[in-house]
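So you can see what is in the structure, the chains are spelled out below.
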Amino acid sequence: MRHRMARALSLAAAITVVSTASACGTVVTEDGAKDTGSGTSEGAITVVDDAGRTVELAGPAERAVVLNSYGNEFAQAIGAGDRVVGYDRVSQSRLPYLGIADDQVVSEDLQEINYESVVELDPDVFILPRNGAWQEAARQLESFGIPVVVATAWDFDVFHETVDLLGEVFGEPEGAERVAGFYDEIFGLISDRVAGTEPVRVYWETEQPYLTGLPGSGFDQIIVAAGGENIYGDLDTGGDQQAETTVDPASLLERDPEVVVHEFGPSAAPTGDDRFATVAADLTGRAGWQGLTAVRDGNVFVTNGWATSGLSKAIGALYLATWLHPDAFADTDPDGYLQRWAEEFQGIEDFADAGAYLQKVG
């Protein structure tokens, strides 16, 4: 879509590795006609991304750099995974089934981006979420004719906009529709079953001890959607973009959750039983925890975040709903949904059983 020679000349001018901290999805061709999404459209297209920016593309992307593992899962799910040529290091670690080579890694995270490596890959588009260094990326890549699209696949609240946007960017609207349909199937089931149930008090802990999600986080969204009550739902986010905070251990004992979930860092690599056992021993061995309702009732769960954060946290919401309201979901098999996500949408041929990702430990 663009010429490598022009990019090479621009690159010679000067670009260095830069470290910074730093309503989506409508698409039309330049003549005003809607793009067919076949991946073969000749005309330029225009999209509105998650930052509200209008971005022009030469056509559906054939080569893309996608930062963030959730964005790469979405690209894979809609049928465009084979067109991603550049990734971040976190995606390489979390998604081993993609077979990402070291020379395809252009950033360590969402901030530390090697723009020289990006340009050398000659992408048609550079995609990253809104908590990434997209402003700096847009400035750095503008002179090379590489458009930057902000698409935030981790955000539960903009799931449909994001999957539609990526479907337009890659010319895969039918793939985007399939993913959206799977998501809607899950949340339709959840909303039907939790209607009229009493909220169950939940403490959701992320990777570090006593680090939990507040309103505005995906973890809080999972809890509410699943028919639960976040025991820290009354705390202010304090402007933290990730809406997480470390809480006082004594306050947790006072709030006494009925269900505890500990989610460790996402990885599609199966989790060994030893890790589950180690985390379980740490949780139940904490001072005062034997008196928690969740521990007394045996409602402590340990999860690999790859499973519970899958499909913009839809999989996690379903699992949690079955844990909070087992009677309402007695005939529901959440493991089957995780397997579908892995095999049908991520193309994992040797998927381990769900017990390698989620376990009830107490």
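As the structure is a prediction and not an experimental result, all values here were calculated from the model. Every chain is numbered on its own, with residues counted from 1 as its sequence reads. Note on the predicted model: pLDDT of at least 70 is required for a residue's local features to be given, and 80 or more for side-chain atom pairs to be given and counted; whole-chain, interface and lining totals, by contrast, use all residues. Side-chain measures here rest on the full set of heavy atoms in the structure, leaving out hydrogens and waters.

Visitor: Where do I start with empty space enclosed by the protein in this structure?
Guide: Sizing a probe to match a water molecule and rolling it over the atoms shows the empty space that remains. Of the pockets and cavities examined, the largest cavity occupies roughly 40 Å³. A pocket, in this scheme, is an open set of points on a 1 Å grid over the protein atoms alone with protein on both sides within 12 Å along at least 5 of 7 lines, while a cavity is a set where a 1.4 Å probe fits but cannot get out; residues line either one if an atom lies within 4 Å of a point. Lining the largest cavity, in full, are Ser69, Tyr70, Glu73, Arg94, Leu95, Pro266, Gly305, Trp306, Ser309 and Gly310. Elements supplying a minimum of two residues to the lining of the largest cavity: α2 (69–78) and α12 (305–308). Each helix corresponds to a stretch of at least 4 residues labelled H or I by DSSP, and each strand to a stretch of at least 2 residues labelled E; elements are numbered beginning at the N terminus. Of the residues forming the lining of the largest cavity, the biggest block, three residues, is contributed by α2. Grouping the amino acids of the lining of the largest cavity by side-chain chemistry returns four nonpolar, four polar and two charged. Grid points are joined across faces, edges and corners, and a volume is the space filled by probe spheres set on the points. In this structure, the second largest cavity spans a volume of roughly 40 Å³. For the second largest cavity, the full set of lining residues is Val66, Leu67, Gly71, Ile127, Leu128, Ala151, Ala153, Thr162 and Leu166. Contributions of two or more residues to the lining of the second largest cavity are made by β9 (125–128) and α6 (159–170). Under the scheme applied here, ten amino acids are nonpolar (Ala, Val, Leu, Ile, Met, Phe, Trp, Tyr, Cys and Pro), four are charged (Asp, Glu, Lys and Arg), and all others, including Gly, are polar.

Visitor: Any chance you could explain the side chain of His325 here in plain terms?
Guide: Inspection of the secondary structure puts His325 in the loop between α13 (314–324) and α14 (334–345). Assessed through its relative accessible area of 8%, His325 is described here as buried. Three exposure classes are used, based on accessible area relative to the maximum for each residue type with a 1.4 Å probe and protein chains only: buried under 20%, partly exposed in between, and exposed over 50%.

Visitor: What's the story with the packing of aromatic side chains in this structure? I'm lost.
Guide: Working definition: rings of Phe, Tyr and Trp (its six-membered ring) pair if their centres are within 6.5 Å, and the pair is stacked with planes under 30 degrees apart, edge-to-face with planes over 60 apart, and tilted otherwise. All told, the structure shown has 16 aromatic pairs when counted by the stated rule. Judged by centre distance (6.2 Å) and plane angle (70°), the ring pair of Tyr203 and Tyr232 falls under edge-to-face. In this pair, Tyr203 is assigned in strand β11 (residues 200–205) and Tyr232 in the loop between β13 (228–230) and β14 (244–246), connecting sequence segments 29 residues apart. Look at Tyr203 and you get buried, because its relative accessible area is 0%.

Visitor: What should I look at first to understand the packing of α13 against α14 in this one?
Guide: Any two packed helices are characterised by the angle at which their axes cross and by the distance between the axes. The contact between α13 and α14 brings their axes to 9 Å, and the two run at 170°. When the axis of α13 is compared with that of α14, the two are roughly antiparallel. Every residue of α14 that contacts α13 at Ile315, Leu318, Tyr319 and Thr322 is listed here: Pro334, Asp335, Tyr337, Leu338 and Trp341. Its residues assigned to classes, the contact of α13 with α14 comprises seven nonpolar, one polar and one charged. Only the stretch in contact is used when fitting a helix axis, every axis being a line fitted to C-alpha atoms; angles between N-to-C directions are given from 0 to 180 degrees. Here is the rule for angles: anything less than 35 degrees is roughly parallel, anything more than 145 is roughly antiparallel, 65 through 115 is roughly perpendicular, and the remaining ranges are oblique. Contacts are residue-level and defined by heavy atoms, with any inter-residue pair within 4.5 Å sufficient.

Visitor: Which parts of the structure should I look at to understand helix α7 (residues 173–194)?
Guide: Note: α-helices contain 3.6 residues per turn, so residues at a spacing of three or four share the same orientation. Expected span of a helix, by definition, is 1.5 Å for each gap between consecutive residues, and there is one gap fewer than residues. Taking 1.5 Å as the rise per residue, α7 with 22 residues should run 32 Å; its terminal C-alpha atoms sit 31 Å apart, in good agreement. Among the residues of α7, those classed as buried are Gly175, Ala176, Val179, Ala180, Phe182, Tyr183, Ile186, Phe187, Leu189, Ile190 and Val194. Here the buried face of α7 lies against α2, α6, α8 (218–225), α13 and α14.

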